[in-house]
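# Tertiary structure, described
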Amino acid sequence: MRLLPDEDELEFTAMLRRLFAVDSESPGVWGLLADAGILGLALPETYGGSGGSLKDLGAFSVEAGRGLCPTIVHSTIIAGLAVNAIGTAEQRAALLPGIAAGTCRYATALWSAVNARVVTPTLRAAPDGEGWLLNGCADFVLDAAHADLVIVSGTDTADTRSLVFVVPTLSPSLRAEPLTMMGGQTAARLHFDGVRVDDPRMVLGDTGGVPDDQLHRLAMVATALTSLDLVGVGEAALQRTVDHTVLRHQFGRPIASFQAAQHLVADMHIALAAARLSCWAAVSLLDDGHDATRPTAVARMHAAGAAKLATLDAHQLHGGMGYVVDTDLHRYSERARVLSTLGGGADVAATWLEGADS
C-alpha cells in the first residue's frame, strides 16, 4: 500500500491548486472542474468519465478542502460513484454522462446525517402500479437548494428491501425546508409527501433492491474523502498561520521565533500529518476493494481532531486579526465544523471500531 504521491499525482495536485487559486466560489468553477474531468474523475470512460481511481479522488479532496471548493461538487461526485456501483448498464448510460459533463448537480441522502455507518433508509417506498410512492424525511441534505437531482434511499414497504432512487428536486410533493448551518453552508430537510418515481432508470439496481453492504461501503468512501477534505482545510490554515507568524513582528522580531508559537505550529503539523496518513490508508484500502470500516473510523477521528486543532490554533496565533472576517480564516473554521460533524464526528466514528472486521 503506497501512501506517498508519485510524480503524476504531484502534477495533478499542482493543477488543482492552480484551478482553485482563481476563485473556488466563483460561478465558473463548476465549468472548470467539468472541463478538467474532475466531476467524472472516477467514472468509466464509456460514460464520459476519466477512468480514475479513489486515490485520484483523494488527491482532489485534499485540494478541495484547501481551496474551499463548493460542497455540491463532493455531493455530485459521490452520487456518480453510487450510480456507477449500484446502477445497471442502462441506468449508468442514462445518468453518468450528465454527471461527468457537469450538466446535472446532485445532492446525496443515502445514510444517516449523524452517523454514516447507519445506512438504514428513512424513506418508505410503496409500490404503486409501475412506479413507487416515496414518503418520509431526509435530514441535513447538503446543497439541496442548488441540486437538480437528489439520490436517496428508502425501504420497500412490501418486503423491507433497501432501495435507491434518483429524484428531481423540483418533483411535485417534494418540499425542501432550509436549515441553518455554520458559515452559510446550505442544507435542507427534504419532505417526501407521496413523491412519485415512474422511470425505472431512476430506481437503481437490477431489481430495485440494493444490499446494505453496498450502501455501507459508499458511506465509508464518502467519509474517507470528506476526511481528506478536512486535511486540506487544516493544511491551508496551517500555511496561513506560518506565513503570518513569519511576517508578524513583536518586540522587534517575528513571532515565529517565539517558542510558544513554534510549539503550537508543531502540534498542528503533527496532527495533520497523522490525519493525512490515516486518511490515505483508508482510501487506499477502499480502492483495493476492502470494507475498511476500521481504517475509515481512524481516519475520521484523526481528521476531525486535526482540523479542529489547526483552525483553533490558527485563530490564536493570528491574534485579534484572526477573528476579523476580512482575513477569511473563519471560512476554514466553519468548513471544518460542518464537515467534521456531518455523518458523525470523532466520537461517533470511535463507535465504528466495535465489531469492525477491517
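It should be emphasised that the depicted structure is a prediction, and the values quoted were computed from it without experimental measurement. (Residues numbered from 1 in each chain as written. Predicted model: local features only at pLDDT ≥ 70, side-chain atom pairs only at ≥ 80, totals over all residues. Heavy atoms only, no water.)

### Side note on the packing of aromatic side chains
Note the following rule: Note on aromatic pairs: the rings of Phe, Tyr and Trp (six-membered ring only in Trp) are paired at centre separations within 6.5 Å, and the planes decide the class, stacked below 30 degrees, edge-to-face beyond 60, tilted for the rest. Strands are runs of DSSP state E lasting at least 2 residues, helices are runs of H or I lasting at least 4, and numbering of each runs from the N terminus. Only protein chains enter the area calculation, which uses a 1.4 Å probe; residues under 20% of their type maximum are buried, those over 50% are exposed, and those in between are partly exposed.
Applying the stated criterion across every chain, the model contains 3 aromatic pairs. Taking the centre distance of 6.1 Å and the plane angle of 70° together, the rings of Trp132 and Phe165 count as edge-to-face. Of this pair, Trp132 sits in strand β3 (residues 131–142) while Phe165 is found in strand β5 (residues 162–168), placing the two residues 33 residues apart along the sequence. In this structure, Trp132 and Phe165 share a single accessibility class: buried. Each ring, one from Phe251 and one from Phe258, has its centre 6.5 Å from the other, and the planes form 85°; the classification is edge-to-face. Residue class for Phe251 comes out exposed when judged on its relative accessible area of 75%.

### Thoughts on the UniProt feature "domain: Acyl-CoA dehydrogenase/oxidase C-terminal" (unreviewed entry) in the protein
Filter applied, for reference: UniProt positions are given in the numbering used here, feature names are shortened, and annotations may be inferred rather than shown by experiment.
UniProt's feature table lists "domain: Acyl-CoA dehydrogenase/oxidase C-terminal" (unreviewed entry) at residues 228–348, given in the numbering used throughout. The distance from the first to the last C-alpha atom of residues 228–348 is 18 Å, and the span holds 74% helix and 3% strand.

### Digging into the confidence of the model for the protein
Definition in use: Looking at any residue, its pLDDT shows the predictor's confidence there, from 0 to 100.
Here the protein shows a mean pLDDT of 92. Residues at 70 or above account for 96%. No element of the protein has a lower mean pLDDT than helix α1 (residues 7–23), which averages 84, and none a higher one than helix α5 (residues 89–101), which averages 97.

### Quick look at the pairing of strand β1 (residues 106–109)
The condition is simple: DSSP bridges decide pairing: two strands pair if at least two such bridges lie between them.
What you see with β1 is no split at all: Tyr106 and Thr108 on one side and Ala107 and Ala109 on the other are buried throughout. Relative to strand β4 (residues 149–156), β1 is paired through 4 bridges, and the arrangement is parallel. Bridged to Tyr106 within β4 is Leu149.

### Digging into the UniProt feature "domain: Acyl-CoA dehydrogenase/oxidase N-terminal" (unreviewed entry) in the protein
Here, the residues flagged by UniProt with the feature "domain: Acyl-CoA dehydrogenase/oxidase N-terminal" (unreviewed entry) are residues 28–102. The span residues 28–102 is 65% helix and 0% strand, and its two end C-alpha atoms sit 12 Å from each other.

### Structural notes on the environment of Tyr332
Let me state the cut-off plainly: Contacts are residue-level and defined by heavy atoms, with any inter-residue pair within 4.5 Å sufficient. In the analysis that follows, any N or O atom pair within 3.5 Å is treated as a polar contact, provided that within protein one partner can donate a hydrogen and the other can accept it, and provided that, for residues neighboring in sequence, both atoms belong to side chains.
Residue placement: Tyr332 occurs in helix α9 (residues 329–339). Taking the C-alpha atoms as reference points, Tyr332 and Arg66, 266 residues apart in sequence, are found 8.5 Å from one another. Discounting chain neighbours no more than four positions away, the residues touching Tyr332 are Gly65, Arg66, Leu68, Val233, Ala236, Arg240 and Thr311. In this structure the side chain of Tyr332 is engaged in a polar contact, spanning 3.3 Å, whose partner is the backbone oxygen of Arg66.

### Some thoughts on the packing of helix α8 (residues 293–318) against α9
To keep it simple, the criterion reads: Orientation is described by lines fitted to C-alpha atoms, with helices fitted over the stretch in contact, and by angles between N-to-C directions that extend from 0 to 180 degrees. By definition in this entry, angles of less than 35 degrees are roughly parallel, angles greater than 145 are roughly antiparallel, angles of 65 to 115 are roughly perpendicular, and the rest are oblique. Should the near helix be turned anticlockwise from the far one by less than a right angle, the crossing is termed left-handed; should it be turned clockwise, right-handed. Under the grouping applied here, Gly and all other residues not named as nonpolar or charged are polar, the nonpolar ones being Ala, Val, Leu, Ile, Met, Phe, Trp, Tyr, Cys and Pro and the charged ones Asp, Glu, Lys and Arg.
Packing of α8 against α9 brings their axes to within 10 Å, and their N-to-C directions diverge by 155°. In terms of orientation, α8 and α9 fall into the roughly antiparallel class. The way α8 lies across α9 gives a crossing that is left-handed. Between α8 and α9, the residues in contact are Arg300, Ala307, Thr311, Ala314, His315 and His318 and Leu329, His330, Tyr332, Ser333, Ala336 and Leu339, respectively. Here the contact of α8 with α9 is composed, by residue class, of 6 nonpolar, 5 polar and 1 charged.

### With respect to the environment of Gly129
Here Gly129 is to be found in the loop between β2 (123–128) and β3. Measuring from C-alpha to C-alpha, the distance between Gly129 and Ser53 comes to 40 Å, with 76 residues separating the pair along the chain.

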